[in-house]
Amino acid sequence: MFDILVKGGTLPDGRVADIGIAAGRIKAIGQLGGEAGEVIEAAGDLVSPPFVDPHFHLDATLSYGTPRINASGTLLEGIGLWGELKRIVTEEEMVERALAYCDWAASMGLLAIRSHVDTCDDSLKGVRAMLEVRERVKDYIDLQLVAFPQDGLYRDPTARENTIRALDMGVDVVGGIPHFERTMADGAASVRELCEIAAARGLRVDMHCDETDDPMSRHIETLAFETQRLGLSGRVNGSHLTSMHSMDNYYVSKLLPLIAEAGVSAVPNPLINIMIQGRHDTFPKRRGLTRVKEMQAHGITVGWGQDCVLDPWYPLGTADMLDVAFMGLHVAQMSSPEEMARCFHMVTSENAKIMGLEGYGLHEGAQASLVILDAATPTEALRLRAARLCVIAKGRVISRAPRMDAALSLPGRPARIRCRHGA
């Protein structure tokens with residue numbers, strides 16, 4: 001007997017199958033019979049593994065307008081504004097906002113998040129707050145935390161000590177921001193030391209890397225080198241990498257094979273990158289997104305990240321990874337059928353690889369976390385930013401939503417319409 005039986009869903013690869021769930025795991029996939037505590041009729045709807053966000057800032061989320069708005073819209077003003085906010089925000093406010101965001105995420109089928117947590121604060125109240133949130137959401141969201149010295153490992157006088165303290169408290173991943181150090185040399189040194197810390201502790205690395213329009217910001221090269229030197233292949237991610245958009249093609253032709261050889265993954269954040277980058281340009285104006293298709297052509301694992309929702313850097317957002325992929329599809333000009341489908345996998349299975357999630361996916365023995373969407377295919381889900389009809393987290397239904405139908409009052413036309421093509 002199954003606890004839950006999902007009937008007749010369309011899997012991302014196009015197969016139509018039933019999924020039987022028991023004791024928090026997927027027990028069977030196929031044409032299934034037998035009894036179940038609950039039967040959910042998918043009836044051709046897309047059944048997907050949950051959405052995954054490998055780059056977010058949960059300590060700052062839902063704080064937009066406090067203490068003021070980012071008037072210039074730049075990264076640097078956002079960092080300065082966050083510096084003002086973190087001095088006045090309380091630990092309780094951080095917890096409350098983060099939990100509210102996790103409610104949004106749960107309703108959107110976003111069940112795994114990697115969040116960077118600022119360690120440039122001697123009180124480490126953000127770290128304590130996010131550790132509490134991680135514990136409170138663990139039954140439905142897998143939350144990884146990154147020790148992130150927002151003001152620079154060396155630029156901030158106590159950042160190194162506090163970053164190590166955060167790791168000792170149980171933070172999962174080592175982060176950094178080399179392009180924000182005072183010099184290129186300090187940036188490279190910070191990459192080296194942070195990777196050494198991760199290697200000594202057996203941890204993953206996720207570094208804000210070259211989030212700038214400056215083509216001479218080349219810390220990703222150092223990150224790839226240190227990954228190989230320390231045997232960290234498959235455990236290191238470079239986030240943003242926006243300077244690559246401004247680099248000359250000759251240098252990039254050398255750089256991409258080095259990243260691939262090192263086994264470093266990449267997470268651009270298209271909503272934020274397209275909003276923040278190019279602010280110093282008039283026209284022509286740089287798009288601010290890294291070279292996604294070129295990296296994929298070299299075999300580099302690339303995912304899409306959300307980065308921010310209603311915070312000092314970004315005034316919008318809904319915890320919807322389909323919005324993220326939809327923007328990424330446009331900015332990276334991924335318009336072929338294969339590329340559009342790949343964008344869906346970039347917010348599901350590819351992001352899961354980057355985070356190293358165990359038991360993820362739609363296969364027997366996997367963790368029973370999945371999403372039923374009001375769409376027939378991954379590409380249609382992107383086109384519609386489809387409603388999440390049902391979200392199952394670790395074997396339990398946690399959210400339901402209605403279809404995206406509309407009542408129409410036009411002579412001679414159908415009374416009810418759906419935007420699903422052919423539906």
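Residues numbered from 1 in each chain as written. Predicted model: local features only at pLDDT ≥ 70, side-chain atom pairs only at ≥ 80, totals over all residues. Heavy atoms only, no water.

The positions that UniProt labels "domain: Amidohydrolase" (unreviewed entry) are, in the present scheme, residues 38-398. The annotated region residues 38-398 carries 40% helix and 16% strand content, and the separation between its end C-alpha atoms amounts to 13 Å. (UniProt positions renumbered as here; feature names shortened; annotations may be inferred. Helix = DSSP H or I, 4+ residues; strand = E, 2+ residues; numbered from the N terminus.)

Let's shift gears to helix 4 (residues 159-168). Owing to its 3.6 residues per turn, the α-helix brings residues three or four apart onto one side. Inspection of helix 4 places Ala159, Asn162, Thr163, Ile164, Ala166 and Leu167 among the buried residues, and these make up the whole buried set. Among the structural elements, helix 3 (125-137), strand 8 (142-148), strand 9 (173-174) and helix 5 (184-201) are those in contact with the buried residues of helix 4. Following helix 4 by one or two positions, Gly170 adopts a phi angle in the positive range, close to 115°. (Buried < 20%, exposed > 50% of the residue type's maximum accessible area, 1.4 Å probe, protein only. Contact = heavy atoms within 4.5 Å.)

With that settled, the discussion passes to helix 2 (residues 91-107). Helix length check: helix 2 (17 residues) gives 25 Å between terminal C-alpha atoms against 24 Å at 1.5 Å per residue, within 8%. Those residues of helix 2 not exposed but buried are Glu91, Met94, Val95, Arg97, Ala98, Leu99, Tyr101, Cys102, Ala105 and Ala106. Elements that come into contact with the buried residues of helix 2 comprise strand 6 (51-56), helix 1 (75-88), strand 7 (110-118), helix 3, strand 14 (388-393) and strand 15 (396-400). In the segment just after helix 2, Gly109 is the residue with positive phi, at about 75°. (Expected span 1.5 Å × (residues − 1).)

The buried fraction of strand 11 (residues 236-240) is high, at 5 of 5 residues. Note: strand 10 (residues 204-209) against strand 11, 5 bridges, orientation parallel. Across the sheet, Cys209 pairs through a bridge with His240, a residue of strand 11. With respect to chirality, the unit in which strand 10 leads through helix 6 (residues 219-229) into the neighbouring parallel strand 11 is right-handed. Relative to strand 12 (residues 264-267), strand 11 is paired through 4 bridges, and the arrangement is parallel. Bridge assignment links Val236 to a residue of strand 12, and that residue is Val264. Following the chain from strand 11 across helix 7 (residues 249-262) to the adjacent parallel strand 12, one finds a crossover that is right-handed. (Pairing = 2+ DSSP bridges. Right-handed = clockwise from strand over helix to strand, strands pointing away.)

Relative orientation of the contacting elements helix 4 and helix 5 amounts to 25°, with a least axis distance of 12 Å. It follows from the interaxial angle that helix 4 and helix 5 lie roughly parallel. The two elements helix 4 and helix 5 cross, and the hand of that crossing is right-handed. Judged by residue contacts, Arg160, Ile164, Leu167 and Asp168 of helix 4 engage Glu193, Ile197 and Arg201 from helix 5. Considering only residue class, the contact of helix 4 with helix 5 consists of 3 nonpolar, no polar and 4 charged. (Axes fitted to C-alpha atoms, helices over the stretch in contact; angles between N-to-C directions. Parallel < 35°, antiparallel > 145°, perpendicular 65-115°, else oblique. Left-handed = near helix turned anticlockwise from the far one by under 90°. Nonpolar A, V, L, I, M, F, W, Y, C, P; charged D, E, K, R; others polar.)

What follows covers the packing of aromatic side chains. Using the criterion set out here, one finds 3 aromatic pairs in the structure. Aromatic side chains Phe56 and Tyr101 sit 4.4 Å apart centroid to centroid with 15° between the ring planes, which places their arrangement in the stacked category. Highlighted residues: Phe56 in strand 6 and Tyr101 in helix 2, separated in sequence by 45 residues. You can call Phe56 buried: its relative accessible area is 0%. With a relative accessible area of 0%, Tyr101 lands in the buried category. With 6.4 Å between their ring centres and 45° between their planes, Tyr101 and Trp104 make a pair best called tilted. Of this pair, Tyr101 and Trp104 both sit in helix 2, 3 residues apart, roughly one helical turn. Residue Trp104 is classed as partly exposed on the basis of its relative accessible area, which comes to 33%. By way of ring pairs, the aromatic residues Phe56, Tyr101 and Trp104 are connected into one cluster. (Phe/Tyr/Trp six-rings, centres within 6.5 Å; stacked < 30°, edge-to-face > 60°.)

So, on to the sheet that holds strand 10. Spatially, 6-7-8-9-10-11-12 is the arrangement adopted by the 7 strands of the open sheet, whose pairing is parallel. Both outer strands of the open sheet, strand 6 and strand 12, are each paired with one neighbouring strand and no more. Looking at chain direction, strand 9 and strand 10 are connected through 2 bridges and run parallel. Directly across from Val174, in strand 10, lies its bridge partner Val205.

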